[in-house]
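# Secondary and tertiary structure notes
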Amino acid sequence: MKFLLLVWKGGVIERFGLLRNALVSLGNEAKPILHPRSEGPVEFHGETINDKLSLKMLGKLKPDYIILWNGDLPKDDIVKNWAIKSDIPIIYVEMGWFPQEKTVYFDFRGVNASSEIRGIKLKRVSLYQRKKLHMFLQKYHQEMNLYGNKLPSDFIFVPLQVETDSNILKNSAIKTMKGLVERVASIFKDEIIIVRPHPKHPDVKLGRIPNMCVDTSSDLHNLVKKARVVVGINSTVLLEALTYFKPVVALGEGLFSNHNVLIEGRDLTNAEIIHEIKKLISKEKKARIEDFLYELIFKRTYYNEHLSDSSMVKNSHWYKKISRRL
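Throughout what follows, the structure given in this document is the object of discussion.

Calculation rules
- Residues numbered from 1 in each chain as written.
- Predicted model: local features only at pLDDT ≥ 70, side-chain atom pairs only at ≥ 80, totals over all residues.
- Heavy atoms only, no water.
- Helix = DSSP H or I, 4+ residues; strand = E, 2+ residues; numbered from the N terminus.
- Buried < 20%, exposed > 50% of the residue type's maximum accessible area, 1.4 Å probe, protein only.
- Polar contact = N/O pair within 3.5 Å; in protein donor to acceptor, adjacent residues only side chain to side chain.
- Expected span 1.5 Å × (residues − 1).
- Phe/Tyr/Trp six-rings, centres within 6.5 Å; stacked < 30°, edge-to-face > 60°.
- Lys NZ or Arg CZ within 6 Å of the ring centre and 35° of its normal.
- Pairing = 2+ DSSP bridges.
- Contact = heavy atoms within 4.5 Å.
- Axes fitted to C-alpha atoms, helices over the stretch in contact; angles between N-to-C directions.

### Notes on the environment of glutamine 161
As for its position among the elements, glutamine 161 is in the loop between strand E8 (156-159) and helix H5 (166-171). Taking relative accessible area as the criterion, glutamine 161 reaches 7% and is therefore assigned buried. Residues glutamine 161 and leucine 6 lie 155 residues apart in sequence; the distance between their C-alpha atoms is 26 Å. There is a polar contact of 2.9 Å between the side chain of glutamine 161 and the side chain of asparagine 234. Within polar-contact distance, the side chain of glutamine 161 engages the backbone nitrogen of serine 235 at 3.1 Å.

Now the structure itself:
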């Protein structure tokens, strides 16, 4: 098979450079090439990538697959339109989960709310798989930091996002973090609300809400673990909160949508959201969350450190899928 891996910056070139090496080891052709958004050459382990993708070049190279980071970033539509014209499928890649910075996932439809995960039918985990999942979660939680301020015994936690993130622009009716906290404050009028700004947007302007405080000192997991309810738009933090099996409210769309693993509040009234929270986590809902987390962790997660490992790539769900197509 022949792959084109679109690169333009550090992080992406590091991951895709390692992946290229594994694909070549498996007998494929794999060429890193500059994304149309690139402002100049990039380097990977002393190798300089100079060629920038064009429609003409795509026709000349005729890859079997394009590997694209995210797919919802500026000028990604150019690449996607070229791929459609050339009848070349795209494999999308994005940062994964648990922990986000050390993992990626591969998807044939897109990322976030466009992911194929959103539309799959989850399989009920076996007793062995359930034990395996909870052992993973226990170890994962033990590795997380829990430092920070002394927290109230009962509070609502709201993780904020970057307003210019494609996940907000494309998959949420709420476009500002001020709008988010105002909606949360209208739901939980008499409760303590703790807000944590995104590290990439620490100076976000939220206005003054009497029962809201901003916490920039506490570790994320400290806030997630101790909150009674976690409310957000479509942040990965909502997935982190699911690992603690507590009420989670999403006011936007994500790969979690349609799986009934959290409260999808975008079309619910405030009273309906409160009603859903009061139901707590039933035995059936906990089982669905387990099914969903098992799918993400053991079937969809790919660790960065394994990207150059040809045997790991060969046995991954996405590579097996395209190999079967041959």
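### Some points on helix H10 (residues 283-300)
If you check H10, its first and last C-alpha atoms are 25 Å apart, about what 18 residues at 1.5 Å a residue would give, namely 26 Å. Where burial is concerned, most of H10 is hidden: 13 out of the 18 residues are buried.

### Describing the packing of aromatic side chains
By the definition in use, this model includes 10 aromatic pairs. For the pair phenylalanine 106 and tyrosine 302, a centre-to-centre distance of 5.7 Å together with 85° between the ring planes defines the contact as edge-to-face. Of this pair, phenylalanine 106 sits in strand E7 (residues 103-107) while tyrosine 302 sits in strand E14 (residues 302-303); the two residues are 196 residues apart in sequence, bridging distant segments of the chain. A relative accessible area of 2% means that phenylalanine 106 is categorised as buried. A ring pair is formed by phenylalanine 136 and phenylalanine 298, whose centres lie 5.8 Å apart and whose planes are at 70°; its orientation type is edge-to-face. With phenylalanine 136 in helix H4 (residues 127-143) and phenylalanine 298 in helix H10, this pair connects stretches of sequence that are 162 residues apart. For phenylalanine 298, a relative accessible area of 28% puts it in the partly exposed group. Between arginine 37 and the ring centre of tryptophan 8, over which it is positioned, the NZ or CZ distance is 4.2 Å. Between the NZ or CZ atom of lysine 132 and the centre of the ring of phenylalanine 298, over which it lies, the distance is 4.5 Å.

### Describing the environment of aspartate 190
Considering the arrangement of structural elements, one finds aspartate 190 in the loop between helix H6 (177-187) and strand E9 (193-196). On a C-alpha basis, the gap between aspartate 190 and asparagine 211 in space is 7.1 Å, while along the polypeptide they are 21 residues apart.

### Digging into the sheet that holds E8
Spatially, the 6 strands line up as an open sheet ordered E10-E9-E8-E11-E12-E13, and their pairing is parallel. Of all the strands in the sheet, just strand E10 (212-214) and strand E13 (263-264) have a single pairing partner and so form its edges. As defined by bridge partners, E8 adjoins E9 across 4 bridges and the pair is classed as parallel. Within E9, the residue paired with proline 159 across the bridge is arginine 196. Packed onto the sheet, H6 meets E8, E9, E10 and strand E11 (229-232) and runs at close to 165° relative to E8.

### A word on the sheet that holds strand E1 (residues 2-7)
The strands making up a sheet associate through backbone hydrogen bonding, with each pair oriented either parallel or antiparallel. In spatial order, the strands read E2-E1-E5-E6-E7-E14; together these 6 strands make up an open sheet with mixed pairing. A strand with exactly one partner marks an edge of an open sheet, and here the two such strands are strand E2 (29-34) and E14. Across 4 bridges, strand E5 (residues 65-69) lies against strand E6 (residues 90-95) in parallel orientation. Bridge assignment links leucine 68 to a residue of E6, and that residue is tyrosine 92.

So far we have only geometry, and geometry alone does not tell us how the molecule works.
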